[in-house]
Amino acid sequence: MKVFSSILFLSFLGLLTVLCYSCGVNEPGTGGTAEITSEPVAVETKQPQVQEPKAKEPLPEQAKTEQPEQAHMEVQQPETEEPETQQAKAERAETKPAVLEEKPAKAPVVEAPAEPNVVAKIGDYVIERDELETRLMNELRPERYGYGGQPEPADANTVLMKMLAEKAMVMEARKQDYLQREDIHTYIKRFEEKRLATLLLQTNLGSKVVVTDSEINEKLKSNPKLDRVRARALIQREKGNRLVGQYYNGLYKKFHVQKLSDNFQKAGQIHDRLLYRPKKPRKEGWIRGDQIREELTPEEKNLVLAKYDGGEVVLKDWLDALFQMSPPSRPSDLGSAKGVERLLDRVLRLPIFVAEAMRQELDKNEDLVEEVRKYEDTRLLGEMMTAKNKEVEEPTDEQIAAHFEKHKEAFGTPKSIKVDQIWCEDLKTAQKAKAELDDSKNFESVKQTYSLQKEGKPFNTSVGSAGMFWEDLWKGDPNEIIGPLKGFHGDGIKWRIVKILEKKPGEVKEYSDNIKNRAKWGLMDEQRKAVMADYRKQLLEKYSYEIYADRIKDIDPLDIP
């Protein structure tokens, strides 16, 4: 979707906070404004693995002791999807890459598609080379809090098979009508509506905010602490707020919005029932999303609170909006008719914007359609993984103890090294830096001359952060300068010269309740991988796919100049 790079566009993104019902707004029709927050080839196949759900678990003890100021160069955290409340996050499974173990098998010769960037196909899905390269780089990074040691480094073919297996899971989820499930449908609907509202504001208001030099000068006089960039941003936000408020008030009248106040008291009573008298015991002191889905009758869900031309807002919409607010920010008066109406005034904004966007046929925007489809795929994949994850049973005490005995080192204090580093642009630069160090030049002086990160300080690292490059580091002795060596730097891999400052051996710990808990999660992680491996095999026997081997044979992130 095309986006604006201006501060005004950031204001439109901030509007989504309002659309998520977490900010107050003025009543329509009062003249007020909305408050906005900011060639044929052989196809080679082998059974894949996919990202697997990881059960929530306490962080290993080494996570508390490792303190690299440059740790971001060794480990990259996975990207997350659209921000959600903590409660929403708690109700969906997390995913984590698994180790690929299956062996390749031969497949028939097929003709590659004309698009040279396509490296594989399955069903209606294609995987492109740049996607594969990005994913492979992420797969090479270590599992920082994994158990049982480091997995073998992935290659392009194994990662591509993993990606194909994920597409097969999405295809199976669609076939099983996962999109019709109420919880999944609600998330996807909300995502699409927010995107539609943003696109509407971009299209209709994006060019209407003009800031003059005289306005900036006046703003600087009123607040000398501002610079011109910040002053312009503030003026754009103020004007954008007024525009959006006026635009919404006009739409409110245009769509003939009517509130059904006779239903407000009943809505408040239902709210209090969910909050204070849930059907199932819960630890939280607030309404959960599963209560909205499971504890309301169809009649209650469809209790109409407002109507507008072409649509209506029902109690389920109102409660879904409430669910998107963090519990501390939820109003305390929602058991009353007035409280219901105040929240309804916030809730109404999104459907009204969406109604206008639909009228303008913005829902047919190709970029928007593609973005929604990708979001559907992401949620469906997570749901399929969660379903398989639930097949893993709780291990017995005997099984947990046996797992600990098999992987004692993984549950103790890990080996660690304190290092200082000189990150270099290429191998030639690293060799030059090492030559000067071998000629007795000062390490810090050479760092200031050649390093990509001149302010970097010494830090502690271990196999959990160094990953596949750990063994090269561990070979060094204290006060020894080693290299050139490869290592994770930023979004890729770079050459470096490393000064070993300290080395600490690992320590095996005695079995305890704390270690038992960690060993339990480690064992369940292994069991999940076994379940997923079997499921991957089944799916890729069910859904045919193609890999264009000539297009991936030269992909190797470790082959750096």
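What counts, and where the lines are drawn
- Residues numbered from 1 in each chain as written.
- Predicted model: local features only at pLDDT ≥ 70, side-chain atom pairs only at ≥ 80, totals over all residues.
- Heavy atoms only, no water.
- Phe/Tyr/Trp six-rings, centres within 6.5 Å; stacked < 30°, edge-to-face > 60°.
- Buried < 20%, exposed > 50% of the residue type's maximum accessible area, 1.4 Å probe, protein only.
- Helix = DSSP H or I, 4+ residues; strand = E, 2+ residues; numbered from the N terminus.
- Axes fitted to C-alpha atoms, helices over the stretch in contact; angles between N-to-C directions.
- Parallel < 35°, antiparallel > 145°, perpendicular 65-115°, else oblique.
- Contact = heavy atoms within 4.5 Å.
- Nonpolar A, V, L, I, M, F, W, Y, C, P; charged D, E, K, R; others polar.
- Expected span 1.5 Å × (residues − 1).
- Arc of directions from axis to C-beta.
- Pairing = 2+ DSSP bridges.

Undergrad: I'd like a description of the packing of aromatic side chains, backed by residues and values.
TA: Inspection of every chain in the model, using the stated rule, returns eight aromatic pairs. Both rings, one in phenylalanine 404 and one in phenylalanine 411, keep their centres 6.3 Å apart while their planes meet at 40 degrees; by these two values the pair is tilted. Like phenylalanine 404, the residue phenylalanine 411 is buried in the burial classification. Measuring from ring centre to ring centre gives 5.0 Å for phenylalanine 404 and tyrosine 511, while their planes differ by 40 degrees; the resulting arrangement is tilted. Remark: tyrosine 511 occurs in the loop between strand E13 (492–504) and helix H21 (513–542) and phenylalanine 404 occurs in helix H16 (residues 397–406); sequence separation between them is 107 residues. What links up through ring pairs into an aromatic cluster is the set Tyr247, Tyr248, Tyr252 and Phe353.

Undergrad: Can you break down the packing of helix H4 (residues 129–140) against helix H5 (residues 156–175) residue by residue, with the values?
TA: Closest axis-to-axis distance for the H4/H5 pair is 9 Å, and the angle between their directions is 105 degrees. Classified by the interaxial angle, the pair formed by H4 and H5 is roughly perpendicular. Here H4 contributes Glu131, Leu132, Arg135, Leu136 and Glu139 to the contact with H5, which in turn contributes Ala156, Val159, Leu160, Lys162, Met163 and Glu166. Class assignment of the residues belonging to the contact of H4 with H5 gives a composition of six nonpolar, no polar and five charged.

Undergrad: So what about helix H9 (residues 264–276)? Which residues, and what values?
TA: For H9, with 13 residues, the first-to-last C-alpha span of 18 Å sits near the 18 Å given by 1.5 Å per residue. For H9, the set of buried residues is Phe264, Ala267, Gly268, Ile270, His271, Leu274 and Leu275. Buried residues of H9, viewed axially, fall in a sector of 160 degrees; they line one side. Where H9 is buried, its residues meet strand E7 (258–259), helix H10 (289–294), helix H11 (298–301), strand E8 (304–308), helix H12 (315–323) and helix H13 (337–347).

Undergrad: Tell me what's going on with the sheet that holds strand E14 (residues 545–547), and back it up with residues and numbers.
TA: Strand pairing in a sheet relies on backbone hydrogen bonds, with the paired strands running either antiparallel or parallel. Strand order in the open sheet formed by three strands is E6-E5-E14, with antiparallel pairing between adjacent strands. Two strands in the sheet have a free side with no partner beyond their single neighbour: strand E6 (125–128) and E14. In this sheet, adjacent strand axes meet at a mean angle of 20 degrees when their direction is disregarded. As judged from the three bridges shared by strand E5 (residues 118–122) and E14, these two strands associate in the antiparallel manner. Looking at the pairing, lysine 121 lines up with glutamate 546 of E14. The strands that H4 touches are E5 and E6; relative to E6, the one it contacts most, it runs at about 65 degrees.

Undergrad: Outline unusual backbone geometry, listing residues and values.
TA: That bond from glycine 483 to proline 484 is cis: its omega, 5 degrees, falls within 30 degrees of zero. Summarising the element assignment, proline 484 is placed in strand E12 (residues 481–489). A positive phi angle, close to 50 degrees, is found at histidine 256, a residue other than glycine. Relative to the assigned elements, histidine 256 resides in the loop between helix H8 (228–254) and E7. Residues other than glycine seldom take positive phi values, yet asparagine 479 does so here, at roughly 70 degrees. Note on placement: asparagine 479 falls in the loop between helix H20 (470–474) and E12.

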